[in-house]
Amino acid sequence: MSSQYQREPELGDGLRLHLNENTGGCSPKVIEALRALSPMDAAIYPDYGRVNDVCAAYLGVDPARLLLTNGLDEGILAAAIAYLQRDPGPATGRRDAGPVSDTSAPEGLIAEPCFGMYADCIEAVGGRIVRVAPPPDLAFPLDAVLAAITPRTRVIYLTSPGNPTGLLIPHTAVHALARALPDGLVFVDEAYADFTDAHFLGELGAAPNVVVGRTFAKAYGLAALRIGAVVGDAAVVARLRRSLPPYSINVAAAVALEAALGDQAHLDAYRAQVRASKARVYAVCDRLGLAHWPSEANFVLIRVGDRATAVVEALRQRRIFVRDRSTEPGCAGCIRITAGILAHTEQALAALEDILCAVA
Ligand SMILES: Cc1ncc(COP(=O)(O)O)c(C=O)c1O
């Protein structure tokens, strides 16, 4: 992957509030399940039938409509491979690929600001990235996205709740886009759906060219194990499956997912912490006069102004890592802070207030 979506530099110990990870850790049941793996479990190629059925039942979908992936990143890549590849040309000899700005290339549409993987995956398979700029309030620009659809549009990547905004995309907007792109794919990235009650899953029956992407990295705390899912029409899911290697999920991720889904109490407790943390972030922002967006996810986008980069650096000096989003479209002056375990949030907010008072 090229430009935007790179691995973060290794930061060492500190309070990690920059990648929207689970700041409390996964369920202890996951660790038990990992410990129970046997030498033979590691020695044989994994079987996914059971975890697929368990996850499908958990999500309330038919197992044929579910594709488990090596993180949601892999689901995003699968969509690009399946829908955006150009004709590769003859098997031998030089492929006349042309530059990525080639106007005949299949197009992938993204509404900025958004997760960097979309652009990188579109580009990696030879597609052309079409970017829609945000309005000042960062609300989803449905009319502008509709207007950007062309006969070459193959995929529209949407994020709800959005990253970095935490804002939802109305279901009516997703349906409108699906109708406008009958031969393409609308990919609704719901990486943060576990923190909200608004999901598109229940709407999929009426929108066969829409898929929903999920990750178990965030609310379930499995980021290091790499497990995600794509749900959609069985034929579309089969098409995505064909674009991936057969064993991309390792056995540790498979048993971890099953254990995590079985510990609803752990999930609910973490979600309660996230809600309490967001309330504290809003309260402190209001007191300090900082603009922020009401988030349906486990993070908050805050406008701290021209000092954004200096604030992120000052927090880093204190081993508190938050994300500088100030160079993203529409996000001038903004930082994004993960809202997880309340005590972590309180620590970060105290440091933020201290720093802002010092630089004011
Ligand atoms: C919007 C969005 N989609 C997908 C992902 C990637 O999820 P995973 O870790 O499961 O690959 C992230 C991770 O930060 C994200 O923010």
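Look up: the structure comes first, before these words.
Rules used in this analysis
- Residues numbered from 1 in each chain as written.
- Predicted model: local features only at pLDDT ≥ 70, side-chain atom pairs only at ≥ 80, totals over all residues.
- Heavy atoms only, no water.
- Helix = DSSP H or I, 4+ residues; strand = E, 2+ residues; numbered from the N terminus.
- Near = heavy atom within 4 Å.
- Polar contact = N/O pair within 3.5 Å; in protein donor to acceptor, adjacent residues only side chain to side chain.
- Areas by Shrake-Rupley, 256 points an atom, 1.4 Å probe, with all protein chains shown as cover.
- Nonpolar A, V, L, I, M, F, W, Y, C, P; charged D, E, K, R; others polar.
- Phe/Tyr/Trp six-rings, centres within 6.5 Å; stacked < 30°, edge-to-face > 60°.
- Buried < 20%, exposed > 50% of the residue type's maximum accessible area, 1.4 Å probe, protein only.
- Lys NZ or Arg CZ within 6 Å of the ring centre and 35° of its normal.
- Pairing = 2+ DSSP bridges.
- Axes fitted to C-alpha atoms, helices over the stretch in contact; angles between N-to-C directions.
- Contact = heavy atoms within 4.5 Å.
- Left-handed = near helix turned anticlockwise from the far one by under 90°.
- Parallel < 35°, antiparallel > 145°, perpendicular 65-115°, else oblique.

## Structural notes on the environment of Arg-275
(1) Moving on: The residue Arg-275 is located in helix 10 (residues 264-288) in this model.
(2) Moving on: Each C-alpha atom, one on Arg-275 and one on Thr-196, is 10.0 Å from the other, the two residues being 79 residues apart in sequence.

## As for the site of the ligand
(1) Moving on: Around the ligand, 13 residues are found, and the nearest of them are Leu-72, Asp-189, Tyr-192, Thr-215 and Arg-226.
(2) Moving on: Within the contact set of the ligand, an oxygen atom lies 2.7 Å away from a side-chain nitrogen or oxygen of Arg-226.
(3) Moving on: In isolation the ligand has 400 Å² of accessible area, and contact with the protein removes 94% of it.
(4) Moving on: Top element by residues in the shell around the ligand is helix 4 (residues 71-84). It accounts for 3 residues.
(5) Moving on: Split by residue class, the shell around the ligand holds 5 nonpolar, 4 polar and 4 charged.

## Some points on the packing of aromatic side chains
(1) Moving on: Going through the model one piece at a time under the given rule, you end up with 8 aromatic pairs.
(2) Moving on: Their ring planes at 75° and their centres at 5.8 Å tell us that Phe-115 and Tyr-118 sit as a pair that is edge-to-face. Per residue, the accessibility class of Phe-115 equals that of Tyr-118, and both read buried.
(3) Moving on: Ring pairs connect the aromatic residues Phe-115, Tyr-118, Tyr-157 and Phe-187, which therefore count as one cluster.
(4) Moving on: For the cation-ring pair, Arg-239 lies above Tyr-83, with the distance from its terminal atom to the ring centre recorded as 3.8 Å.
(5) Moving on: When the ring centre of Phe-299 is taken as origin, the NZ or CZ atom of Arg-336, which lies over that ring, is 5.6 Å away.

## Quick notes on the sheet that holds strand 4 (residues 128-132)
(1) Moving on: Ordered in space as 2-8-7-6-5-3-4, the 7 strands form an open sheet in which the pairing is mixed. The strands lining the two open edges of the sheet, one partner per strand, are strand 2 (66-69) and strand 4. Strand-to-strand, the axes of this sheet are offset by a mean angle of 20°, without reference to chain direction.
(2) Moving on: Here 4 bridges tie strand 6 (residues 185-189) to strand 7 (residues 210-215), and the two strands are oriented parallel to one another. Bridge pairing in strand 7 links Phe-187 to Val-211.
(3) Moving on: Of the strands in this sheet, strand 2, strand 7 and strand 8 (228-231) touch helix 3 (residues 49-59), which is tilted by about 120° from strand 2.

## Section: the packing of helix 1 (residues 28-35) against helix 9 (residues 251-261)
(1) Moving on: Contact pair helix 1 / helix 9: the axes reach a minimum separation of 8 Å and the direction vectors enclose 140°. Between helix 1 and helix 9 lies a crossing of right-handed hand. Contacts between helix 1 and helix 9 involve Lys-29, Val-30, Ala-33 and Leu-34 from the former and Ala-252, Val-255, Ala-256, Ala-259 and Ala-260 from the latter.
(2) Moving on: Residue composition of the contact of helix 1 with helix 9, grouped by class: 8 nonpolar, no polar and 1 charged.

## Regarding the packing of helix 4 against helix 8 (residues 234-242)
(1) Moving on: At a closest axis distance of 8 Å, the pairing of helix 4 and helix 8 adopts a crossing angle of 95°. Considering their axes alone, helix 4 and helix 8 lie roughly perpendicular with respect to each other. Together, Ala-78, Ala-79, Ala-82 and Tyr-83 of helix 4 and Val-236, Arg-239 and Leu-240 of helix 8 make up the contact between the two elements.
(2) Moving on: In terms of residue class, the contact of helix 4 with helix 8 is built from 6 nonpolar, no polar and 1 charged.

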